[in-house]
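# An overview of the molecular structure
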Amino acid sequence: MRIGVVTFPGSNCDQDTLDALDTLGVDTLRLWYRDADLAGADAVVLPGGFSYGDYLRSGALAAKSPIMTAIQEAVVDRQLPLLGICNGFQILTEAGLLPGGLRANHHGQFRCDWQRVKVIEASPLFPGLEAGEVLKLPIAHGEGSYYMDEESLQSLFAHGEAWLQYVDADGQAQSWANPNGSVANLAGVARGSVAALMPHPERAMMDILGSDDGHRLLTAWLCGLERRALYARG
Amino acid sequence: MARFTAIVTVTLKKDILDPAGEATAHTLQQLGYPVAGVRLGRHVALTMDAADEGAALRLSRQMADALLANPIMETYQVQVESLCELE
Amino acid sequence: MRGDEVGLNPNEYESICGIMGRSPNDLELGLFGALWSEHCSYKSSKGLLARFGHSGPHVVQGPGENAGVVRLDENLEVAFKVESHNHPSYVEPVQGAATGVGGILRDIIAMGARPIAVADMLRFGTDEKSHAIMRGVVKGVGLYGNAIGIPTVTGDLGVSETYDGNPLVNVLAVGVRRSDARVGAGGACPGQWLLLVGQRTGRDGIHGASLLASRDFSGGDEDLRPTVQVGDPFLGKILMEATLETVSRGLAAAVQDLGAAGLASALAELCHLSKIGAEIWLERVPLRQPGLSPYEIMMSETQERMLLAVSEENLAAALEIFSRYEVLATVIGQGSASQRLILYHNSRIEADVDPDWLTEGAPRQTVDPSYWDALANQRPAVHHPAPSLARDLLLDVLAHPDVRDRFPIYRQYDSMVQTGTVYGPDHDAAVLKVRGSTHGLVLAVAGTGRWAAIDPYAGGAGVVLRVLAALAAQGAVALGLTDGVNAGNPHVKSSYDLMAALFRGVSDAAFAANVPITGGNVSLHNETQGQSIWPTVMMGALGRHSNPLHPISEHLGREGDLIYVVNPAPPNWNGSVAAFLTTGLSSYPRCDLGNVEKLLQAMREWVLSGIPTSVRTIGMGGLAATLVRMMAVSDPSLGVELTLPDEGFAETERFYNEAPLQWVAIVRPDQAEAADEYWRTAGVKMTRIGIVSSQDGIHIANRHDWSRETLLRAWRSLDKEVGW
């Protein structure tokens, strides 16, 4: 199993993500935004950062880079498992691989803070993360306000694609626990083999840094990849 | 009195670097479009009541000077259109 | 062109004609104007800076290069430095602050070091315009730091009317390099290619630093305001990656960033430090808009550019790296053995100067030893008597911008990227783990404001001791100090004297602690309509932490734990926020410098001994505010039962005393005897001031009670005027 982590120009969490995956003992490789293929990666992470400086719209320019063509094909052809973190989430919505879009935070400021998120619905992509489970993860973004129209939102929930939600200390999706004005407090969505979240699990790998819930989340994702591989081998 | 919309288009002054424009141009070029340059701006639509078109224009310019544009780096253009007469 | 058009006085013009043996042409005059400006040459302050102690066992690189460098362990070295961007931040707060961050990061990169942390040290006025500037500056710091992916891990904020029209934006950056991948501006050789990399050159900030930062602001200077420089953190990021890859593969002989005075300064510095000359072909410099004159090309302050010296054999590989990152790289000249910097434009010689004329040839104000000696003399003190302890004053102190929680600011900064931030901006000092080392770093910053308003010597010394005390509280070994001095017009005697006294205080305290100052920045002419700011120094201290995954706590421990003040100062509230709010400005106390090194070492070893549970340095707001900061990170049910040794005015003077080198320590009852013994042996006073109780808040002997909620609400009050 090899996980590719894409470096776009302006990605700044690519190394952190590689470090986190290394901690979990999985093979990693760096993918470059101008690469035309995935160099045999079994799954891909689009890391956080400011690809192309967030210029035009965050994620919009990176979504047009050559590696994204290869990734889109692999998602369609072979359900490539794909995880987007922060800017990676923005790139995935811009590339049309996930529904909705991410707008500037409603208060107009960048926000770096610890945040609680709840698993809305258990996803086969993250075995072991149960519905209702609350994780403490850091956020760091200026454009993390998830948006979609009411009809799409209902369909998202109806299809079990609404994955993570910002919540308060009691696990309730209160409006004041929403750090950026996202619809329905959404912090992460998942569709098919693709999942993405605004918080940074790769920054929450050890207690001394504030939380090790990122370790749990990434471990669950890797576990999902293993299961999928076993299933594919029959 | 009448109701007007004023479209204020704010752009960076000619000599000021526009990093977002440059990055956008670069990507468009890589996608094969024959674009030589891109400058980004802001589109601000104001709705207001004023005595006449001239007054609406003056008011819009005042708002642009006061807030909408940063005079250190930006310039703007205003286009006023009458919507309807008010009682 | 005349000398005064580029900021040179008649004497300086005469002396230029003298060393050249002829009159300079316009471009040459522009080069001298830029390089001999206060901003580039430090002509008024170099004599004072030369008095600082620069050497120590951990120093790899002292002042003179793009940044100082100290040793972390056998394999790693740390570059760090502070830089100011005051005037640009006044003109355009967002871009001024953003380009300030970009500029200091490129200084670190030019040493071959990968930036791992930023700290912002800010001073703002109190009027409405200052609030807008503050919002813009904070946005700008985040705009650049967040996007380029360097965490802003600590900072310092001060607010006073003295900074109306003169905000201070000082940014400190820290970077790490391998000791076998050293580079600097001094390694270029004759024959090597000079590679200009990064942004195309435009008409940005022509003569920005040399004129703007070296003159006083008065209403009529609008025409001197240059075109604003815009920061591009995206290009900054890929430029950083490409440059660091070039350096780590050993392909660059020298690196110099382009900052103030652009190519003019970069070429002069690189040639001077490398002891070479150069031929430059200005028509090769890539331009953003056509038609820039050689003068404009040399003076442009377009951001995100670096100059590299690369040998013929490494050129192709270096160009390949920049091409892979899609960063423009152009050979614009070649080093020579001639000691001449010759600028060609389409084969025509436009300027021909010796680079040393521009750099070390700059005039320098000397400092007479007797003048330096007298700077330590006591000034007439301003002291105000304290009233007895009052309930509301504590809340006012906590809500003062110099004291209150900086949360509304630092939550706009990414403090966690790179995943090394063990203690971030919610702590007294940042504690960082470092990739590739078992050691970590401690970064403490603080600046004067009020402390140096009346007695700059006391303030300068106090702030050095403040940051070193914070390192000791983490058990860290101090590796070095960096200073950002901000002052008024050096040509006004009274203004110069105040700045000089500030330097002397910094110098004496650093010598007393035996910690070298490895570099820094001086920003002068911070003056509006003849009114100078308080001389203000921002200090950064960098320490080596032996166990960064186990930093010492800053919380109250548990119920029944004992609260001590180690090395309590005599009761004196002068210079404090509390005194300022009650009676106005007063003289910050001077501290006995005789025992500083031993005291810091004793604290460091005590922390490592494991006797105390928590230690926190007393800072702004005194003991009172320090206890509240500790409470904020503690179990919410815990409070403090205080028994101060005095009542009446002396109680107030202890409660708010901001004198340096005092620490609050939390000790378990079973360690009390060991603690007493330790400090008795060390010959340092330790006073028990209370106990951790199960009643939340602060309680003083049945006379005063403040609940946790009341205290934290005051301390966390958002600044409504600023709009947060």
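Residues numbered from 1 in each chain as written. Chains lettered and ligands numbered in written order. Predicted model: local features only at pLDDT ≥ 70, side-chain atom pairs only at ≥ 80, totals over all residues. Heavy atoms only, no water.

## Observations concerning the overall build of chain A
The helix and strand tally for chain A stands at 5 helices and 11 strands. Since a compact globule built from 234 residues should have a radius of gyration of about 17 Å, the 16 Å found for chain A is in line with a globular shape. Seen through its principal axes, chain A has C-alpha atoms that stretch 45 × 40 × 40 Å. The burial tally for chain A puts 61% of its 234 residues in the buried class. Accessible surface computed for chain A: about 8,800 Å², of which carbon and sulfur atoms make up 48%. Within chain A, the 28 negative side-chain charges are centred at a point lying 2 Å from the centre of the 17 positive side-chain charges. (Helix = DSSP H or I, 4+ residues; strand = E, 2+ residues; numbered from the N terminus. Rg over C-alpha atoms; globule rule 2.2 N^0.38 Å. Buried < 20%, exposed > 50% of the residue type's maximum accessible area, 1.4 Å probe, protein only. Areas by Shrake-Rupley, 256 points an atom, 1.4 Å probe, with all protein chains shown as cover. Lys, Arg positive; Asp, Glu negative; His and termini not counted. Charge placed at Lys NZ, Arg CZ, Asp CG, Glu CD.)

## What about the environment of Gly259(C)?
If you trace the backbone, Gly259(C) turns up in the loop between strand E8 (254-257) and helix H10 (262-274). A relative accessible area of 24% places Gly259(C) in the partly exposed class.

## Here's the deal with the pairing of strand E4 (residues 114-124) of chain C
Residue and element names in this part refer to chain C. In terms of burial, E4 is largely enclosed, as 10 of its 11 residues are buried. With 9 bridges connecting them, E4 and strand E6 (residues 168-178) associate as antiparallel partners. Paired with Leu-122 across the strands is Val-169, a residue of E6. In terms of strand pairing, E4 meets strand E5 (residues 152-159) through 7 bridges, oriented parallel. For Val-118, the partnering residue across the bridge sits in E5 and is Thr-152. For the crossover that starts at E4, traverses helix H7 (residues 128-148) and ends in the parallel E5, the hand is right-handed. (Pairing = 2+ DSSP bridges. Right-handed = clockwise from strand over helix to strand, strands pointing away.)

## Description of the interface of chain B and chain C
Taken together, the contact pairs 11 residues of chain B with 15 residues of chain C. Interface area, chain B with chain C, both sides summed: about 1,100 Å², of which 59% is carbon and sulfur. Summed over the shared surface of chain B and chain C, the number is 5 residue pairs in polar contact (both at pLDDT 80 or more). In terms of residue class, the side of chain B that touches chain C is built from 6 nonpolar, 3 polar and 2 charged. (Contact = heavy atoms within 4.5 Å. Buried area = accessible area lost by both parts, 1.4 Å probe. Polar contact = N/O pair within 3.5 Å; in protein donor to acceptor, adjacent residues only side chain to side chain. Nonpolar A, V, L, I, M, F, W, Y, C, P; charged D, E, K, R; others polar.)

## Here we look at the sheet that holds strand E2 (residues 41-50) of chain B
All names here are of chain B. Ordered in space as E2-E1-E3, the 3 strands form an open sheet in which the pairing is antiparallel. The two strands at the open ends of the sheet, each matched to only one other strand, are E2 and strand E3 (74-85). When the angles between neighbouring strand axes are averaged without regard to direction, this sheet yields 20°. The sheet contact formed by strand E1 (residues 2-12) and E2 spans 10 bridges and is antiparallel. Residue pairing across strands places Phe-4 opposite Met-48, the latter belonging to E2. (Axes fitted to C-alpha atoms, helices over the stretch in contact; angles between N-to-C directions.)

## Let's talk about the side chain of Ser182(A)
Its place among the elements puts Ser182(A) in the loop between strand E9 (162-167) and strand E10 (186-191). Residues within four places of Ser182(A) in sequence aside, it is in contact with Gly144(A), Ser145(A), Tyr146(A) and Tyr166(A).

## Regarding the pattern of salt bridges
Oppositely charged side chains may form a pair once their charged atoms are brought near each other. Scanning all chains against the criterion turns up 47 salt bridges over all chains. For Asp19(A), the salt bridge is made with Arg435(C), and the minimal N-O distance between the two is 2.7 Å. Here Asp19(A) is found in helix H1 (residues 14-23), whereas its partner Arg435(C) is found in the loop between strand E15 (430-433) and strand E16 (440-447) on a different chain. Take Arg435(C): its relative accessible area is 42%, and that puts it in the partly exposed class. As a salt-bridge pair, Arg713(C) and Glu709(C) come within 2.9 Å of each other at their nearest N and O atoms. Taken together, the positions of Arg713(C) and Glu709(C), both in helix H24 (residues 708-715) and 4 residues apart, correspond to about one turn of that helix. For the residue pair Arg713(C) and Glu709(C), the accessibility class agrees, reading exposed in each case. (Salt bridge = Lys/Arg side-chain N within 4 Å of Asp/Glu carboxyl O.)

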